[in-house]
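A closer look at the structure
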Amino acid sequence: MGCFTFIKVMMILFNLAIFLSGGTLLGVGIWVAVDDQSFVDIFGGLSSTVVQVVYVGYFLIVIGAILLVIGFLGCYGAQKDSKCLLMMFFSVVLIIFIAEIAAAVVALVYTGLAETLLSAVVTPLLKEKYGTDVSFTRVWNVTMEEIKCCGLNNYTDFTNSTWYEDHKVYPDACCDFKQPCNDTLAANTNVTGCFHQILKEIKTNAGVVGGVAAGIAALEIAAMVVSMYLYCYLDQK
């Protein structure tokens, strides 16, 4: 087996795995979007944080669809010796690679900006849907109980919310489950917001997060190098 044939086979198998992974993530994303509570029941409280703060169902659908496209371009392009598809594969992976670097820089340098953007999106939802939307309320209750947090930033996220207007108290988690959870007790208890708790967990496991990110980056670079090698080889034939 020649070098070109070996690399071509590896390219096909690698992208076949990506294609299947994309299909799996797409399926899981649809499942979470349709029935998030069963997802939380199976994977526990931490998953509920992700479900509600990041809207993981829609996130997985997007990622799954992207992986399906990448897997198809790489696998079919290598199988059919298509320079067009291989160049499209290279371009898509390069765009994703650049976007990931940009997102990482923004996340590291502008953490405050990320918090502001999340607050602008999530806080109005908390004020509007907590206590009225059963699924939304249940997931947030599990989140706050499991990771011991309150709202996205703190108890003030629930000030003037539908829940507060109806019950005149904050969720029990905002007072470390002491009752009645009024303004004074919530302020004195000072339970941390879920955003800061998640950030704390990420910093605690920074080595693992960095290792995973480096591994993904290495795979993307390898995929671009291999696709360009196949393209150049076919271009010389």
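The structure this text deals with has already been given above.
In what follows, the accompanying structure is described. A quick note: this is a predicted structure, and the numbers were derived from the prediction, not measured.

Parameters at a glance
- Residues numbered from 1 in each chain as written.
- Predicted model: local features only at pLDDT ≥ 70, side-chain atom pairs only at ≥ 80, totals over all residues.
- Heavy atoms only, no water.
- Helix = DSSP H or I, 4+ residues; strand = E, 2+ residues; numbered from the N terminus.
- Buried < 20%, exposed > 50% of the residue type's maximum accessible area, 1.4 Å probe, protein only.
- Contact = heavy atoms within 4.5 Å.
- Areas by Shrake-Rupley, 256 points an atom, 1.4 Å probe, with all protein chains shown as cover.
- Disulfide = S-S within 2.5 Å.
- Salt bridge = Lys/Arg side-chain N within 4 Å of Asp/Glu carboxyl O.
- Core = buried A, V, L, I, M, F, W, Y, C linked by side-chain atoms within 4.5 Å.
- Expected span 1.5 Å × (residues − 1).
- Arc of directions from axis to C-beta.

Some thoughts on the overall build of the protein
When you go through the protein residue by residue, the secondary structure sums to 11 helices and 0 strands. Each helix and strand of the protein, placed in order from N terminus to C terminus, yields the pattern α-α-α-α-α-α-α-α-α-α-α. The buried share among the 237 residues of the protein stands at 34%. By sequence separation, contacts in the protein at least 24 residues apart represent 68% of the contacts at least 6 residues apart. Only carbon and sulfur atoms are counted for the fraction: they give 68% of the accessible area of the protein, which is about 13,100 Å².

Quick word on unusual backbone geometry
The omega angle of the peptide bond from Gln179 to Pro180 is -5°, so this bond is cis rather than trans. Counting through the fold element by element, Pro180 comes out in the loop between helix 8 (162-167) and helix 9 (183-189). In the Ramachandran plot, Asp176 falls in the positive-phi region, its phi being about 55° despite a non-glycine side chain. You can see Asp176 is positioned in the loop between helix 8 and helix 9. We classify Asp176 as partly exposed; its relative accessible area is 48%. With phi around 55°, Asn190 is a residue other than glycine that occupies positive phi space. For Asn190, the location among the structural elements is in the loop between helix 9 and helix 10 (194-204).

Some details on the state of the cysteines
This model, assessed by the stated rule, comprises 3 disulfides. The disulfide partner of Cys149 is Cys194, and the gap between their sulfur atoms is 2.0 Å. Its torsion about the S-S bond being 70°, the disulfide of Cys149 and Cys194 is classed as right-handed. Residue Cys149 is found in the loop between helix 7 (134-146) and helix 8, and its partner Cys194 is found in helix 10; the two are separated by 45 residues along the sequence. One exposure class covers both Cys149 and Cys194, and it is buried. Shown here is the disulfide that connects Cys150 with Cys174, its sulfur atoms set 1.9 Å apart.

Considering the pattern of salt bridges
Taken as a whole and judged by the stated rule, the model has 3 salt bridges. Measuring nitrogen to oxygen at the nearest pair gives 3.8 Å for the salt bridge that ties Glu165 to Lys168. For Glu165, a relative accessible area of 40% translates into the label partly exposed. Lys168 gets classed as exposed once you look at its relative accessible area, which sits at 51%.

Describing the nonpolar core
Ranked by internal contacts, the top residues of the largest apolar core, which has 22 residues, are Trp140, Met144, Phe158, Tyr170 and Cys174. The set of elements that each furnish at least two residues to this core consists of helix 6 (111-129), helix 7 and helix 10. At 3 residues, the largest contribution of residues to this core is made by helix 7. The contact partners of Phe158, leaving out residues within four places of it in the chain, are Leu126, Lys127, Tyr130, Met144, Cys150, Gly151, Tyr164, Tyr170, Pro171 and Cys174. Within the second largest apolar cluster, 19 residues are counted, among which are Ile70, Leu85, Met224 and Leu230.

Concerning helix 7
With 13 residues, helix 7 should cover 18 Å at 1.5 Å per step; its first-to-last C-alpha distance of 18 Å lies within 8% of that length. Every buried residue belonging to helix 7 is among Phe136, Thr137, Val139, Trp140, Thr143 and Met144, and all of these are buried. The buried residues of helix 7 occupy an angular sector of 165° when the element is viewed end-on, so they sit on one face. Looking at the residues trailing helix 7, positive phi occurs at Lys148, about 55°.

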